[in-house]
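What follows is the residue order along each chain.
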Amino acid sequence: MTLPKFLCIGAQKAGTTWLFEQLIRNPGVWMPPVKELHFFDHVHVEQVRSWTPGHIQRAVHKMLQSHLASKGPVDWRYVSYLADMAGRSMFTPQWYQRCFDRPKANSRVCGDITPAYCAIGEEGIRDVLAMLPGVKVMYIVRHPVQRALSQLRMNVARRTVEPDGATLLKMCDEWDLLNRGDYLNHIPKWRDVMPANDLLIIPFGGIRADPAAFMRTIEQFIGVDAFNGYHLDTVVHQSRKIPIPEPVMAYLSAKLAPQVSYLENTFGRDFLEATL
C-alpha cells in the first residue's frame, strides 16, 4: 500500500501551487494529479465539507477533458482511476489510499500538498501520524498581512464582486481568510504533536530570493535526490492587482498584528522578514 511520505500543509497563498509544479517534475517524487486532496480537513474541519467534494470533481473533470483531448491513445486505467477519485466513497481512508494507487507511485516518494491541512487541529494531526507514520510535514509561512491580501484579491476575483472599501472590509472578517493564516493557533499544535525532525517550517520569501536553494531544502527534507530540471521561474495563480484602500489595509494590519508578533517572538526577526 502506497501512501504519502510528505505533506505540505500550507499556507494558502504561500507558494504551495508553485511547489507542486516543481515537485511533479522531480523523477523521485509522485503526487496525485489533483492538487489538494482535502482528505484530512474534510474529516476534521466541518466548515469545508460543503465544497470539498465539488473541488475534487471539478479537478477530475478538467483532468479527464485534458487526457481525452490529447492526441495519444486513451489510457483507460487512468480514466478509471480518475473517475473513481471523483465518484466512489469520497474522503474515506480507503478513498485516500486509492488516490495513490498508481504504478509510478510505488517506486517514488509520494506527497500530498493541501494548504487546508494546517487547520485540522490536534485530533487531526494525531490522525495524520496514525495513518502516515513517519510522514514529513512542510509548512510554508508567508507574512500574515501579505498572505491575507493575496487571498483577499483571489476571493474578489472568484466572486466577481466590486472591490469597494465596504466590501473589502467585510471580507477581511471572513472565516476562511483568517483561518488559513492563523499561525498563532495552528503552528503550536503541529509543533506540540509532530517530532521536531519531521516538521519543516520554512519562510515563503525563499521562493523569490533563491528558489534553487529553497528546492534543495525541500529535497533534503523529504529525502529525494537533487534535481536540476525544475522550472523555477514558473508563475502560478497571480492575483488580480486590485488597489487596497488605506482603511482596509490599516484594519487588516491591526487585525493580524498578533500573528506578526507571534512569528517574530517564536522564530525571530530574520525569519519574519524572510516571510515577505
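Our subject is the structure that appears above.
Thresholds, definitions, all that
Residues numbered from 1 in each chain as written. Predicted model: local features only at pLDDT ≥ 70, side-chain atom pairs only at ≥ 80, totals over all residues. Heavy atoms only, no water. Helix = DSSP H or I, 4+ residues; strand = E, 2+ residues; numbered from the N terminus. Rg over C-alpha atoms; globule rule 2.2 N^0.38 Å. Buried < 20%, exposed > 50% of the residue type's maximum accessible area, 1.4 Å probe, protein only. Contact = heavy atoms within 4.5 Å. Areas by Shrake-Rupley, 256 points an atom, 1.4 Å probe, with all protein chains shown as cover. Lys, Arg positive; Asp, Glu negative; His and termini not counted. Charge placed at Lys NZ, Arg CZ, Asp CG, Glu CD. Salt bridge = Lys/Arg side-chain N within 4 Å of Asp/Glu carboxyl O. Axes fitted to C-alpha atoms, helices over the stretch in contact; angles between N-to-C directions. Nonpolar A, V, L, I, M, F, W, Y, C, P; charged D, E, K, R; others polar. Phe/Tyr/Trp six-rings, centres within 6.5 Å; stacked < 30°, edge-to-face > 60°. Lys NZ or Arg CZ within 6 Å of the ring centre and 35° of its normal.

Attention shifts here to the overall build of the chain. Check the secondary structure of the chain and you find 15 helices and five strands. A globule of 276 residues ought to have a C-alpha radius of gyration of about 19 Å, and the chain, at 19 Å, matches this closely. Across its three principal directions, the C-alpha atoms of the chain cover 55 × 40 × 35 Å. Here the chain holds 276 residues, and 53% of them are scored as buried. Nonlocal contacts in the chain, meaning residues at least 24 apart in sequence, comprise 77% of its contacts between residues at least 6 apart. Roughly 13300 Å² of accessible area belongs to the chain as shown, and the carbon and sulfur atoms make up 51% of that amount. The averaged location of the 27 negative side-chain charges in the chain is 6 Å from the averaged location of its 31 positive side-chain charges.

Throughout the structure, instances matching the rule amount to 10 salt bridges. Lys35 is the salt-bridge partner of Glu36, the closest N and O atoms lying 2.6 Å from each other. Assigned by exposure class, Glu36 and Lys35 land together as buried. Here Asp198 makes a salt bridge to Lys136, at a shortest N to O gap of 3.0 Å. With Asp198 in the loop between helix H10 (183–193) and strand E5 (199–203) and Lys136 in strand E4 (residues 136–141), this residue pair connects regions lying 62 residues apart in the sequence. Accessibility expressed as a relative area gives 14% for Asp198, which makes it buried. The structure contains a network of salt bridges with shared partners spanning Glu264, Arg269 and Glu273.

Our next topic: the packing of H10 against helix H14 (residues 257–267). At a minimum axis distance of 9 Å, the contact between H10 and H14 shows a crossing angle of 35°. Taking contact as the criterion, the partners of Tyr183, Leu184, Ile187, Pro188 and Arg191 in H10 are, on H14, Pro258, Gln259, Tyr262, Leu263, Thr266 and Phe267. Among the residues making up the contact of H10 with H14, the classes are represented as eight nonpolar, two polar and one charged.

Throughout the structure, instances matching the rule amount to 13 aromatic pairs. Judged by centre distance (6.0 Å) and plane angle (75°), the rings of Trp18 and Phe214 are edge-to-face. Residue Trp18 is located in helix H1 (residues 16–23), and its partner Phe214 is located in helix H12 (residues 211–222); the two are separated by 196 residues in the primary sequence. Following the ring pairs from residue to residue traces out a cluster consisting of Trp30, Phe39, Phe40, Tyr96, Phe100 and Tyr117. In this arrangement the basic side chain of Arg102 is found over the ring face of Tyr81, its NZ or CZ atom lying 5.2 Å from the centre.

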